[in-house]
Amino acid sequence: MNDKSIILLGGPDSGKTNYVGRLWHSLDAKNCRLIAAEQPSEIGFVLDTAEHLFQGRFAPRSEHADDRRDFEVVVCSPDGSGRAAIVIPDISGELWQNAVASSEIASDWMDELIHGHGALLFVRVGSDLDVRPLDWVTSRSLLAKVGVEEDRGKLPTQVMLCELVRYLELTMANGQDGKKPKLSVIVAAWDRVDPGTFEQGPVAYLGREYPLLAGRLSDTKKLDVQVFGLSVVGGDLAVDPEFRDRFLEHGLDDHGWVAVYDTETGAWRKDVDLTLPIAWAIGA
Ligand SMILES: Nc1nc2c(ncn2[C@@H]2O[C@H](COP(=O)(O)OP(=O)(O)OP(=O)(O)O)[C@@H](O)[C@H]2O)c(=O)[nH]1
Ligand SMILES: [Mg+2]
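1. What about the overall build of the protein chain?
Then step 1. When its secondary structure is counted, the protein chain shows ten helices and nine strands.
Then step 2. The C-alpha radius of gyration computed for the protein chain amounts to 19 Å, which stays within 12% of the reference 19 Å derived for 284 residues, consistent with globular compactness.
Then step 3. C-alpha extents for the protein chain along the principal axes are approximately 60 × 50 × 40 Å.
Then step 4. Look at the contacts in the protein chain between residues 6 or more apart in sequence, and 78% of them connect residues 24 or more apart.

2. Re the site of ligand 1
Then step 1. The environment of ligand 1 is formed by 25 residues, the closest being Lys 16, Thr 17, Ser 62, Gly 93 and Ala 189.
Then step 2. Elements supplying a minimum of two residues to the shell around ligand 1: α1 (16-29), β5 (118-124) and β7 (224-231).
Then step 3. No other element matches the three residues that α1 contributes to the shell around ligand 1.

3. With respect to helix α8 (residues 211-219)
Then step 1. For α8, the full list of buried residues reads Leu 213, Arg 216 and Leu 217. Around the axis of α8, the buried residues are gathered within 95° of arc, so they sit on the same side. Facing away from the buried side of α8 by more than 90 degrees, the exposed set consists of Pro 211, Ser 218 and Asp 219.
Then step 2. Where α8 is buried, its residues touch α6 (157-171), β6 (182-188), α7 (195-209) and β7.

4. Points about the pairing of β5
Then step 1. Among the seven residues that make up β5, seven are buried, leaving the element largely enclosed by the rest of the structure.
Then step 2. Judged from the seven bridges that link them, β5 and β6 form a sheet pairing that is parallel. Counterpart to Phe 122 in the pairing with β6 is Ile 186.

5. Quick notes on unusual backbone geometry
Then step 1. Residues other than glycine seldom take positive phi values, yet Lys 30 does so here, at roughly 60°.
Then step 2. For Lys 30, the position within the fold is in the loop between α1 and β2 (35-36).
Then step 3. By C-beta crowding, Lys 30 is classed as exposed, having 11 other C-beta atoms within 10 Å.
Then step 4. Unlike most non-glycine residues, Ala 189 shows phi in positive territory, near 60°.
Then step 5. One can find Ala 189 in the loop between β6 and α7.

Rules behind the numbers
Residues numbered from 1 in each chain as written. Chains lettered and ligands numbered in written order. Predicted model: local features only at pLDDT ≥ 70, side-chain atom pairs only at ≥ 80, totals over all residues. Helix = DSSP H or I, 4+ residues; strand = E, 2+ residues; numbered from the N terminus. Rg over C-alpha atoms; globule rule 2.2 N^0.38 Å. Contact = placed C-beta atoms within 7 Å. Near = placed C-beta within 6 Å. Buried ≥ 20, exposed ≤ 12 C-beta atoms within 10 Å, placed from the backbone. Arc of directions from axis to C-beta. Pairing = 2+ DSSP bridges.

In structure tokens, the structure reads:
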């Protein structure tokens, strides 16, 4: 059996943990591109996250900055082929942020990156923790002029994400087939955008909101990149009580989707298969 390690990266509050919780439910339902081949042994945190969603609220952010939780599961295609054990470490966004700010990555994640077969990079629509100074180059030199040390903790989100992409380029090796490592870029909370923005798609959104990152992703020659929009339950449980009521009535099963680009129609569409970003990253 193949062992595949998928790494989740992204800043704080970017939707990683809620995705992992929702993902398990999809793998377990066994009607997606990837299905769970065995019952995983230790999935306490994943079940906790799913439980929050079942009760109609998003799971809270990973509180402890030193939290690292691995979700290990054996997956395969619905016909039983392509069996692979995947390990998905959910590392708190604060840790990624600190790693970039101090240019130091803990050795155990470094191993994870080096042995990674693919990665998921998260950004989220409407996060309060998104750091985006109007003009960070000017403000940085202004700060220097008045003798205030730059606050590295307030690194703009897209600068941090570009650094994470660089880490991936440096560490992830090509597959045995010589193919480039795969990166799924996930724009989480994609249910929050208006229909026009949905139609233009998450690639255009990144180009507008995170131009540095978008440029970096289109320039990379070392990674095979695919962008997805994601909605773990298909709406916003926190701000839309009507949606929440409907959700509670019908349950998790029919809720949640990824936005994928349909090459046939040339349009972005919702696909209820929440395993697609993982399937893409492991090359299934
Ligand atoms: N509308 C909407 N909001 C979402 C979705 N997924 C996550 N969120 C929101 O994003 C917040 C953060 O999600 P988490 O999954 O905790 O993010 P994280 O990346 O694990 O954050 P850290 O643990 O801090 O690294 C949630 O509390 C929700 O408010 C989604 O699909 N739709
Ligand atoms: Mg988390």
